[in-house]
Every structure is written in structure tokens, then in C-alpha cells.
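Chain by chain, the residues:
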Amino acid sequence: MTDVILDVSHIAKTFGHVQALKDITLSLRKGRVHTLLGENGAGKSTTIRCLLGLIGYQKGEITLFEDEYDDLVEELDHIGYMPSEAMFYPAMKVKNVIKLAAKMRGKDCREEAERLIKLLDVPVHKKIEDLSTGNRKKVAIICALQHQPELIILDEPTSGLDPLMQERFFGLIKEACANGATCLLSSHNLSEVKNYCDRVAIIKEGEMVTVDNVEHLTHTLLRKVTVWKDGLQKTYDYTGSTKDLLKQLEEVQPDDVLIEEPSLESLFMNFYKEEKA
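Note that the coordinates shown come from a computational prediction; the quantities given were computed from them, not determined experimentally.

A look at helix α5 (residues 133–145)
Between its terminal C-alpha atoms α5 stretches 19 Å, which fits the 18 Å expected from 13 residues at 1.5 Å a residue. Of all 13 residues in α5, 11 are buried; the element is thus mostly enclosed. Within the span of α5, buried status applies to G134, N135, K137, K138, V139, A140, I141, I142, C143, A144 and L145. In this structure, the buried residues of α5 make contact with β5 (79–82), α3 (94–105), α4 (110–120), β6 (151–155) and α6 (163–178).

Comments concerning the side chain of T35
By secondary structure assignment, the location of T35 is in strand β3 (residues 33–37). Dropping the residues within four chain positions of it, T35 is found in contact with L184, L185, S187, V193, C197, R199, V200 and A201.

Re the pairing of strand β9 (residues 207–213)
Each regular strand displays side chains that alternate between the two surfaces of the sheet. Bridge count for strand β8 (residues 199–204) against β9 is six bridges, and the pairing is antiparallel. Bridge pairing in β9 places I203 opposite M208. Hairpin connection of β8 to β9: two residues between the antiparallel strands, including E205 at a positive phi of 50 degrees.

Examining the packing of aromatic side chains
The full count for this structure, using the stated rule, is three aromatic pairs. A centroid spacing of 5.3 Å and a plane angle of 80 degrees characterise the contact between F65 and Y69, whose relative ring orientation is edge-to-face. Here F65 and Y69 have matching classes, each one buried. Ring centres of F170 and Y196 lie 4.3 Å apart, and the angle between their planes is 0 degrees; on these two criteria the pair is classed as stacked. Of the two residues, F170 is situated in helix α6 and Y196 in helix α7 (residues 190–196); the sequence distance between them amounts to 26 residues. With a relative accessible area of 1%, F170 lands in the buried category. Grouping aromatic residues by their ring pairs yields a cluster made of F169, F170 and Y196. Here K13 stacks its cationic end above the ring of F15, 4.7 Å away from the centre of that ring. The ring of Y236 carries K234 above its face, with NZ or CZ at 5.5 Å from the centroid.

So, the sheet that holds strand β1 (residues 4–15)
The three strands lie next to each other as β2-β1-β4, forming an open sheet whose pairing is antiparallel. Looking at strand neighbours, the two that pair on one side only are β2 (18–29) and β4 (59–64), the edges of this open sheet. The sheet shows a mean angle of 15 degrees between the axes of neighbouring strands, direction not considered. As paired elements, β1 and β2 share eight bridges and run antiparallel to each other. What sits directly across from K13, in β2, is L21.

Each value, and the rule that gives it
- Residues numbered from 1 in each chain as written.
- Predicted model: local features only at pLDDT ≥ 70, side-chain atom pairs only at ≥ 80, totals over all residues.
- Heavy atoms only, no water.
- Helix = DSSP H or I, 4+ residues; strand = E, 2+ residues; numbered from the N terminus.
- Expected span 1.5 Å × (residues − 1).
- Buried < 20%, exposed > 50% of the residue type's maximum accessible area, 1.4 Å probe, protein only.
- Contact = heavy atoms within 4.5 Å.
- Pairing = 2+ DSSP bridges.
- Phe/Tyr/Trp six-rings, centres within 6.5 Å; stacked < 30°, edge-to-face > 60°.
- Lys NZ or Arg CZ within 6 Å of the ring centre and 35° of its normal.
- Axes fitted to C-alpha atoms, helices over the stretch in contact; angles between N-to-C directions.

Have a look at this one:
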């Protein structure tokens, strides 16, 4: 048995005449924080919904937990999922929503729920309808994590959270993964991906552009080059070989030059920039 918790092979999904996903391939390994990174509408949420069986797909194959469990229903017992916009009964109190979520799992989650409530500073005696967006997000996080799932799937989990709560949230995710869980989250927040995630899959217009470790992504042929000559400064991205770059610089004869590895932001924009006609 390997440590592959989720294996996605060549998934394709259409909505009518619209091709939403094209040949999506992805593997999640145990104990890591994986990220689907892309602009709004890139296909992140559609990919997640296919993984969970919430929507069907036309081509490809998805394998969860190496088929350790009998069917999708049993597999879902070991998954914690939070949609980007979780909906709760508005008149229910927070504490009752959390209890209901645990009851539906058929588990006693009281101890873990209490720990999460304290860490995230959740007002459990308020009604859902009286909560801010950030506090509703916290309730959704607790409902997804309190049963201590093997696989955590979270769609835009930090939107609406203040910086302190974002830090605490990722602390919880890192802790869960250190204890053997695996996490897949979607995001378009580059800083949180760089600071907290192990592997990133960049998705664009329903296609997987690249999948790699965050640190490896910055060790590509893309370089940020700054040239100073005659009192003027020019900065640009360079994607060719180092040999060709040095040849170009020799022709320019600059007064000074700085060659840097790209930031994750630069890489993301390089993947997303439109090709010139």
C-alpha cells in the first residue's frame, strides 16, 4: 500500500456545450497540504465537486483511499468537506448546527468541537443569521474538521477570515496533516499558498497547467532580470536558457545586473498571461 490518498486520472467534465474540465490529473499524498490554485472560474470548485461525487463527469477515473472502503458513501465518512459558501439553517444556534453536523456523522465529536470552538473564538450561542461572514466561515470549518477526517477538502476556506484567524486555521490544517491527515484546498491567494502549502496545482480554463512542490516552482527557467545602464533601470521576466541570457547581457554591456528567482506571484502571472497574437 502506498501513501496516495486520492488519485485523479484524466477527468473531463462538460456542462452542455461548455468544457469545464479538460484532462485533469492529480495525486494527493498522505500528510501534505495540496492546493488548487487558479483564478475565479478556472475549474477549482468543479474539480472538487467531481472528487466528492456531487456532480458526475464524462471521462476519466477517480480513486479514493486506494479503494480501501466499499463505496463512495463509506469513503465520505472519512472526508471533511467545506464548500466555498456553506449554507446553514439561519434560525439555528451555532452550537446546535455543530451538534447536528456531528450527529449526521454518527460520531461523538464533542471534545474536538470544543477545542476548535476555543481556538477559532466561535460565538456558539448566537444564531446563524446573526453571524458575520467570518464567523459563518468558522462554523463551516468546525463542521468539516470536528470528526477528524483522513482527507480534508476545503473550497476557498480563508475568504472572510481575518489574518489572525487565517493563521490559526492553517495551524489546525498543519497539525491535522502532521497527525496523518491529507488536505486539498482551493485558493487564489498566492501568499497563503507560499507560506502554508506543500504542493500546488495551477489550473487554468479547466486544464491543469502544472503540479509541483511550491519550492520547485520557483526553480524554473523563468528569471526576473534587472539591468542598469547609463542611469536607467529595466526589469523584465526571462524564460530562456542561462547561456542565452548571458549572451544577451554581453551584447547590452550593462553597468550592473541582478538576476533573481521569480516569486510565486510572477510564476502564476506567467502561467496566466495571454499569448500575444
